[in-house]
Structure formats: C-alpha cells, structure tokens
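# Structural features, examined
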Amino acid sequence: INLGDKIELKDFNDLEPGDLTVLKKMIGNHANQFHDFEKLSLHLKSVHEKEKSQKYQVNATLLKDNKQYQSEVTNFNLFFAINDVLDNLKKECGEG
C-alpha cells in the first residue's frame, strides 16, 4: 500500500478497513513531522499469534538527508506499535 509518493506500507493488507483508515491518518500525521524526508517504509509482521491475542512487530525505515534510520517495535496493540516506532524514528533523526 502506498500513501502518496513517499510512504510505503508492507503487509498491511489483512487489517480491518476501519483500522487501516485510522493507521493511515496516524502515519500521515507523524510523517508531516519528519520535514523533507525522501521515503518512509513500514513493514508489519504478526508474531506469536494465538487464538485471542496477537503480537505485532513493526519495522520502520526512514530515508532523510541521504541517511537511513531504522526502528523496530513489538506490541500487542498495533496502534501503540505504530506510534512508538515512528516516535523512535523522530528521536533518531533529531525531529523528536
């Protein structure tokens, strides 16, 4: 899934449409705070799937000023995972 020219979401296709809409807005709001980035890529992996619980691993890569920044977060709550991984990138690249 691509959001504009600069944001790429990998393996987000299996999410509920409502969740995906909220995540796109969250990711877009965070991306606006990165100022002049070249590319933001988020890769979603499901880990430790059980009947009623699931853990999400989110890997994020930000390309900005010809430098690559990476972060990885695992959480039972996908929204917290996305928020944390993007906050980590902001701190790494000096925007946070």
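A quick note: this is a predicted structure, and the numbers were derived from the prediction, not measured.

## Some points on the packing of helix α1 (residues 17-32) against helix α2 (residues 78-92)
Packing of α1 against α2 leaves a shortest axis separation of 11 Å and a crossing angle of 15°. Classified by the angle their axes make, α1 and α2 are roughly parallel. Seen along the crossing, α1 lies across α2 with a hand that is right-handed. Along its contact with α1, which presents Asp-19, Val-22, Leu-23, Met-26, Ile-27 and His-30, the element α2 presents Leu-78, Phe-79, Ile-82, Asn-83, Leu-86, Asp-87 and Lys-90.

## Description of the layout of surface pockets
Considering only enclosed or pocket space, the largest pocket measures out at about 220 Å³ in volume. Forming the boundary of the largest pocket are 13 residues, of which Leu-15, Leu-44, Ser-46, Gln-54 and Tyr-56 lie nearest the centre. Looking at which element gives the most residues to the lining of the largest pocket, the answer is strand β3 (residues 37-47), with three residues. Among the residues making up the lining of the largest pocket, the classes are represented as six nonpolar, three polar and four charged.

## Focus on the pairing of strand β5 (residues 67-75)
Bridging between strand β4 (residues 55-64) and β5 involves nine bridges; their strand directions are antiparallel. Residue Asn-59 lies in a different strand from β5, and its bridge partner there is Glu-72. Linking β4 to β5, which pair antiparallel, is a turn of two residues; within it Asp-65 sits at a positive phi near 55°.

Each value, and the rule that gives it
Residues numbered from 1 in each chain as written. Predicted model: local features only at pLDDT ≥ 70, side-chain atom pairs only at ≥ 80, totals over all residues. Heavy atoms only, no water. Axes fitted to C-alpha atoms, helices over the stretch in contact; angles between N-to-C directions. Helix = DSSP H or I, 4+ residues; strand = E, 2+ residues; numbered from the N terminus. Parallel < 35°, antiparallel > 145°, perpendicular 65-115°, else oblique. Left-handed = near helix turned anticlockwise from the far one by under 90°. Contact = heavy atoms within 4.5 Å. 1 Å grid on protein atoms, 1.4 Å probe; cavity = no way out; pocket = protein on both sides within 12 Å on 5 of 7 lines; lining within 4 Å. Points joined across faces, edges and corners; volume = space filled by probe spheres on them. Nonpolar A, V, L, I, M, F, W, Y, C, P; charged D, E, K, R; others polar. Pairing = 2+ DSSP bridges.

Purely geometric stuff here, so don't read any function into it on its own.
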